[in-house]
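# Summary of structural features
These are the residues of each chain, in order.
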Amino acid sequence: MSRVNTSDLVPGMILEADVYNYNDQLILPEGLVLNDKAITKLSYYAVSSVRIKDVGDSPAPKAEETENSYSARLRATPEFKKYKEDFEKTVNEMSRMIADVVLKNAPLETDQLIEDALDLLHPPGGDINVFDMVHNMRHYDDITFAHSLNVGLICNVFAGWLGMSEEEQRLATECGILHDIGKLKIPESIIKKPKKLTDTEFEVIKTHPTEGYKILQRYNVSDHVKSAALMHHERCDGTGYPLGITGDQIDEYAKIVAIADVYEAMTAARNYRGSLCPFTVIEAFEEEGLQKYDTHMIMTFLENIVNTYMLNRVGLSNGMEGDIIFINKQRLSRPMVKCGTEYIDLSKRPELSIDKLL
Ligand SMILES: [Fe+2]
Ligand SMILES: [Fe+2]
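On a predicted model such as this, the values are computed, not experimentally measured, just so you know.

### Remarks on the overall build of the protein chain
Counting secondary structure elements, the protein chain contains 14 helices and 9 strands. At 20 Å, the protein chain has a C-alpha radius of gyration in line with the 21 Å of a compact globule built from 358 residues. With the principal axes as the frame, the protein chain shows a C-alpha extent of 60 × 50 × 40 Å. Put simply, the protein chain has 358 residues, and 53% of those count as buried. Counted over contacts in the protein chain with a minimum sequence separation of 6, partners at least 24 positions apart contribute 65%. About 16,400 Å² of surface is accessible on the protein chain, with carbon and sulfur atoms providing 50% of the total.

### Some details on the environment of Ile 114
Inspection of the secondary structure assignment puts Ile 114 in helix H4 (residues 110–121). For the pair Ile 114 and Asp 237, spaced 123 residues apart in sequence, the C-alpha separation works out to 31 Å. Those residues in contact with Ile 114, other than ones at most four positions away along the chain, are Arg 170, Thr 173 and Glu 174.

### Here's the deal with the coordination of the iron ion (ligand 1)
Each donor-metal-donor angle in an ideal tetrahedron of four donors is 109.5 degrees, and each such angle in an ideal octahedron of six donors is either 90 or 180 degrees. Protein coordination at the iron ion (ligand 1): the donors are Asp 180 (OD), His 208 (NE2), His 232 (NE2) and His 233 (NE2), at 2.1 to 2.2 Å from the metal. Sequence positions of the residues that donate to the iron ion (ligand 1) give the spacing D-x27-H-x23-H-H. In this structure, the iron ion (ligand 1) lies 3.6 Å away from the iron ion (ligand 2), the two metals sharing Asp 180 as a donor. Here His 232 lies in the loop between helix H11 (223–231) and helix H12 (252–267) and His 208 lies in helix H10 (residues 208–217), a separation of 24 residues in the sequence. This pair shows no difference in class: His 208 is buried, exactly as His 232 is.

### Observations concerning the coordination of the iron ion (ligand 2)
Every protein donor of the iron ion (ligand 2) is listed here as His 147 (NE2), His 179 (NE2), Asp 180 (OD) and Asp 261 (OD), and their distances to the metal cover 2.2 to 2.3 Å. For the iron ion (ligand 2), the 4 donor atoms are set out with angles of 75 to 170 degrees between them, so the coordination reads as irregular. His 147 sits in the buried class, given a relative accessible area of 11%. Assessed through its relative accessible area of 7%, Asp 261 is described here as buried.

### Some remarks on the pattern of salt bridges
Per the counting criterion, the structure on display carries 21 salt bridges. Residue Lys 84 pairs with Glu 88 through a salt bridge whose shortest N-O separation is 3.2 Å. Pair noted here: Lys 84 and Glu 88 are both in helix H3 (residues 78–104), with a separation of 4 residues, about one helical turn. On the basis of relative accessibility, which here comes to 27%, the residue Lys 84 falls in the partly exposed class. We classify Glu 88 as partly exposed; its relative accessible area is 29%.

### A few points about the packing of aromatic side chains
For the structure on display, the rule yields 11 aromatic pairs. With 5.6 Å between their ring centres and 85 degrees between their planes, Phe 131 and Tyr 263 make a pair best called edge-to-face. Highlighted residues: Phe 131 in helix H5 (residues 130–136) and Tyr 263 in helix H12, separated in sequence by 132 residues. Neither Phe 131 nor Tyr 263 differs from the other in exposure class; each is buried.

Cut-offs and rules
- Residues numbered from 1 in each chain as written.
- Chains lettered and ligands numbered in written order.
- Predicted model: local features only at pLDDT ≥ 70, side-chain atom pairs only at ≥ 80, totals over all residues.
- Heavy atoms only, no water.
- Helix = DSSP H or I, 4+ residues; strand = E, 2+ residues; numbered from the N terminus.
- Rg over C-alpha atoms; globule rule 2.2 N^0.38 Å.
- Buried < 20%, exposed > 50% of the residue type's maximum accessible area, 1.4 Å probe, protein only.
- Contact = heavy atoms within 4.5 Å.
- Areas by Shrake-Rupley, 256 points an atom, 1.4 Å probe, with all protein chains shown as cover.
- Donors = N, O, S within 2.8 Å, 3.2 Å for Na, K, Ca; no water.
- Tetrahedral: all angles 85-135°; square planar, octahedral: opposite > 155°, others 65-115°.
- Salt bridge = Lys/Arg side-chain N within 4 Å of Asp/Glu carboxyl O.
- Phe/Tyr/Trp six-rings, centres within 6.5 Å; stacked < 30°, edge-to-face > 60°.

This is a description of form; function is not addressed.
This is the structure:
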């Protein structure tokens with residue numbers, strides 16, 4: 001038996017033991033052969049590692065995507081290369097500034113941070129698809145700042161989809177960038193621990209929303225920014241932390257951040273391959289329960305992501321290829337796909353799924 005980090009899991013590995021979430025509900029059974037979907041589910045529940053059966057050598061990692069895959073083509077574009085460079089610069093500035101705020105009580109100047117973030121979304125050559133970028137960014141050593149910047153960018157676009165004003169979109173971006181600021185108060189030995197956290201360590205991690213709120217109290221920032229830090233792990237059905245409050249008690253901006261946060265965590269690049277298919281992430285949301293999130297918000301979010309990939313060429317789990325031609329509003333991860341002359345309605349074919357963007 002060996003314990004393997006979720007980020008190092010590879011499809012084909014077999015679970016040695018049942019896996020539970022932090023509410024003690026069974027999420028994956030012992031003996032299950034892992035696939036992309038199961039690994040995504042573990043990220044959804046923030047499970048950091050699992051026990052894996054030793055069966056000779058572990059399965060060989062899947063080959064990187066082929067030269068002409070959607071991801072490979074995207075990563076070769078000058079727009080992506082520029083984005084990556086600017087993203088890294090912004091993350092570095094952000095980490096320097098926020099560390100000074102937390103450790104030295106330095107002033108918090110969010111205007112520049114938001115400006116830099118918005119420049120990433122709106123480069124001179126034309127706007128980028130932030131979801132494509134998020135899905136294709138390489139694995140980061142630093143788990144707080146790259147994540148926070150991604151969440152801020154997603155919040156910006158998401159707030160636009162919700163019909164919020166430009167000013168509100170800026171505020172949503174600020175909420176996203178600062179939501180995990182309390183993590184800087186958690187010892188690195190716990191944040192970066194490669195093994196499963198003990199219950200006590202998990203309790204420490206769970207203090208980061210309150211710690212973040214306390215830090216932001218010292219600054220002249222909007223109450224929504226403070227609430228987003230405090231409440232982004234709350235869930236509409238009351239299963240979240242630290243307060244366990246429900247839908248109408250949760251700040252609107254915290255609800256936006258909650259969705260962006262989970263989405264980002266699920267897409268974080270895994271070690272065995274470049275990027276995760278957005279449809280796998282959407283399916284995890286659909287299966288694990290939309291009731292945890294604000295209904296209108298989560299539907300708007302997922303629908304808009306799926307729409308981004310309308311008419312995109314995709315590969316199915318049975319090896320067929322086709323184009324997405326119709327979105328099923330009831331099952332967003334399962335649109336209608338036209339393969340040659342055949343129309344495949346994935347909402348009626350549970351045995352099939354979209355595996356990759358081509
Ligand atoms: Fe968090
Ligand atoms: Fe987060």
